[in-house]
Amino acid sequence: MTATIYSDVWDLDTFFLGGSESAEFQAYLMEVHKRIDSLSQAIHSWDVANNEEDREKITQILFLFQQAGVKIRQAGAYVSCLEAENTADTNAGPLRARVTELSADLNTSLLPFDQKLTKIKHDLWQAFLQTDELKEISFILNERREKAQEKLSQEEEAIIQSLSVDGYHGWGQMYDVVVGTMVIPFVENGAEQNLSVGQAANKFSHPDRNVRQAVFTKWEQAWQDKAPYFAKTLNHLAGFRLNIYKKRGWDDPLKEPLAINRMERNTLDTMWDVIAKNKAPFVKFLERKAELLGVEKLSWYDLDAPLGSAETKVSYQEGAEFIIEHFSQFGQEMKAFAEKAFENRWIEAEDRPSKKPGGFHTYFAESQESRIFMTYSGSASNVSTLAHELGHGFHTYAMKDLHFLNRNYSMNVAETASTFAEMIVADASVKNAKTDEEKLALLEDKIQRSVALLMNIHARFLFETRYYNERAKGMVSAVRLNELMTEAQKEAYGHALDEYHPSFWSSKLHFYITGVPFYNFPYTFGYLFSLGIYAYAQEKGAAYEEQYIALLKDTASMKVEDLAKKHLQTDLTKPDFWEKAVQLCIDDVEEFLSLTQS
């Protein structure tokens, strides 16, 4: 039987023909606009009477909300794909602006709905939540009601939503525009090339240190050249947020991101405290890697350097087959999902110019299909990234039959599913290594994820926390941003590096994503949370898949502390869970140090 040959270019025509010039998509956007209008009219026609009619009205409004919400997510996912696959597509930018405007309209239309929920008497509200129509989504409705009570008046919040299109989201889009124009000039084997930022980033895993260093020099210079633009953008994004927080009476910039992630401050503080106390083994790992690479100290551009003389290349086909094989050992539903993604061309992985850097998963809510974006160059890290994004896809697949409002999981638990999938592939890669050299390289690649989540992400969190403190007092210069980033990296990496990446604040997209402030700590939470789940799954084998899917289904309808108590019987505000999770990472380091002792 001939194996299916998987394409590394995705199919978007199944949604709308014509790409960014699609007349079909323009008509779809008009339909989205009509759905939002219908929702808005229904909300404005509702006068709270504090009787049974309110429940009927809420049910009707939620039905219209679901219709509009599904379509706007479909539209947003499509535009994200268009922007990513070709940064030179001049039509994608206006489409993004249009979808952002529609999204703001939807949020604005919901403001009076949330405010009206607060006017329903407590006892009647509790009775409503026990009815068949609302019981399933009671957590989400309570959450919306409580958040509305903490915000400004309906009129003020509406003004904020309106101004955010150009005064907030517009700055985030400006970042994408500037990055889209960037090229990294580089000479390799006598040939001069203009690399996209995504292609240049892949060079940091090149086996030749001279290549890595040369790319890094050009890389750092490219971001520094644009630093005035990025500093301006970052200052306005933070300034917009801080002004809103001040008006609402919020004095902690972490209040919103913690609420978005349905997480307590005690949990976050405990997690970082445990990580900070366990940096020593990872510093030893970085020191040992420096020895193996023949340098006194690692520099930033050495962090992803492969070990060993041979550069292992894995074709896209081989990577896909490996992922499917090892997903199958965990569970048949996970395997079936991955096969569907590869066979139906849900993945854009081709290594070509004019693509955005990085990788992501997006979900087409109306079509119930995923799309995954990355640039695949054949490294073991690329295979892990592919598994990571498929994990995101499986999460949405597990929730496909839930109510629309019960599918909006927060970022920290979103990273649980992706990291879980990544761990399956990483462990399998180490166990299936053909030589000691290959095993060492793969183990190092696995540990490198721990370094990224416990050191790199920690640096981002430290930087952003300190940056917000300074931004509250006034604009922060590009020079100062470089200083803050370098200080954060030195602390997070235990002063283990020789050269750092001062302009990381400009090169990392996550600082400019307007939808989620503090786009950092949820990654680390998800990573360590998934380690606990992964260890449990290894004990149970394929029989655990049903329980795993049950956990994923609950991720958008309860706080993370309650999720952990229900499915893992653990208290996340205590250090025990985090210490056990970090120890799993340290175990990998100790194995690595033992293997390289000689």
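What you see is a predicted model; the values in this text were computed from it and never measured.

A few points about the packing of helix 1 (residues 23–44) against helix 3 (residues 92–117)
So, point 1. Orientation of helix 1 relative to helix 3, taken along the N-to-C sense of each, is 15°, at an axis distance of 9 Å. Between helix 1 and helix 3, the crossing angle belongs to the class labelled roughly parallel. Considering how the two elements wind past one another, helix 1 and helix 3 form a crossing that is left-handed. Residues Phe 25, Gln 26, Leu 29, Val 32, His 33, Ile 36, Leu 39, Ser 40, Ile 43 and His 44 of helix 1 form the contact with helix 3, whose own contacting residues are Leu 95, Arg 98, Val 99, Leu 102, Asp 105, Leu 106, Ser 109, Leu 110, Pro 112, Phe 113 and Lys 116.
So, point 2. Its residues placed into classes, the contact of helix 1 with helix 3 shows 13 nonpolar, five polar and three charged.

What to know about the packing of helix 15 (residues 380–398) against helix 17 (residues 436–471)
So, point 1. Relative to each other, helix 15 and helix 17 sit at 50°, their axes nearing to 10 Å. For the element pair helix 15 / helix 17, the angle class is oblique. When the axes of helix 15 and helix 17 are compared, the crossing they make is right-handed. For the pair formed by helix 15 and helix 17, the contact residues are Ala 380, Ser 381 and Ser 384 on the first element and Leu 442, Asp 445 and Arg 449 on the second.
So, point 2. Broken down by class, the residue content of the contact of helix 15 with helix 17 amounts to two nonpolar, two polar and two charged.

Description of helix 17
So, point 1. Compared with the 52 Å implied by 1.5 Å per residue over 36 residues, the 50 Å span of helix 17 between its first and last C-alpha is a close match.
So, point 2. Approximately 35° is the largest bend angle found in helix 17, and it occurs at Ala 452.
So, point 3. With respect to burial, helix 17 is a largely interior element, 26 of its 36 residues being buried.

Regarding the nonpolar core
So, point 1. Ranked by size, the top nonpolar core spans 152 residues in total, and within it Phe 342, Trp 505 and Leu 528 carry the most contacts.
So, point 2. Considering each element in turn, this core owes the most residues, 15 residues, to helix 17.
So, point 3. When neighbours within four sequence positions are excluded, Leu 528 is seen to be in contact with Met 271, Ile 275, Leu 454, Phe 577, Trp 578, Ala 581, Val 582 and Cys 585.
So, point 4. In terms of nonpolar packing, the next biggest core, distinct from the first, is built from 50 residues, Phe 15, Leu 64, Leu 102 and Phe 364 among them.

Comments concerning the sheet that holds strand 3 (residues 347–348)
So, point 1. One open sheet holds the three strands; their spatial order is 3-5-4, and the pairing between them is mixed. Each edge of the open sheet is held by one strand with a lone partner, namely strand 3 and strand 4 (360–364).
So, point 2. As paired elements, strand 4 and strand 5 (residues 369–373) share five bridges and run antiparallel to each other. Paired with Tyr 363 across the bridge in strand 5 is Ser 370.
So, point 3. The strands touched by helix 2 (residues 52–85) are strand 4 and strand 5; relative to strand 4, the strand with the most contacts, the crossing angle is about 145°.

Quick look at empty space enclosed by the protein
So, point 1. Inspection of every chain in the model, using the stated rule, returns one cavity of 30 Å³ or more.
So, point 2. Its boundaries defined by the atoms lining it, the largest cavity holds a volume of some 50 Å³.
So, point 3. Mapped onto the lining of the largest cavity, the elements with two or more residues apiece are helix 9 (227–248) and helix 17.
So, point 4. When its residues are assigned to classes, the lining of the largest cavity shows seven nonpolar, no polar and two charged.

Definitions and cut-offs
Residues numbered from 1 in each chain as written. Predicted model: local features only at pLDDT ≥ 70, side-chain atom pairs only at ≥ 80, totals over all residues. Heavy atoms only, no water. Axes fitted to C-alpha atoms, helices over the stretch in contact; angles between N-to-C directions. Helix = DSSP H or I, 4+ residues; strand = E, 2+ residues; numbered from the N terminus. Parallel < 35°, antiparallel > 145°, perpendicular 65-115°, else oblique. Left-handed = near helix turned anticlockwise from the far one by under 90°. Contact = heavy atoms within 4.5 Å. Nonpolar A, V, L, I, M, F, W, Y, C, P; charged D, E, K, R; others polar. Expected span 1.5 Å × (residues − 1). Bend = angle between axes of the 7 residues up to and from the residue. Buried < 20%, exposed > 50% of the residue type's maximum accessible area, 1.4 Å probe, protein only. Core = buried A, V, L, I, M, F, W, Y, C linked by side-chain atoms within 4.5 Å. Pairing = 2+ DSSP bridges. 1 Å grid on protein atoms, 1.4 Å probe; cavity = no way out; pocket = protein on both sides within 12 Å on 5 of 7 lines; lining within 4 Å. Points joined across faces, edges and corners; volume = space filled by probe spheres on them.

Worth remembering: the numbers are spatial, not functional.
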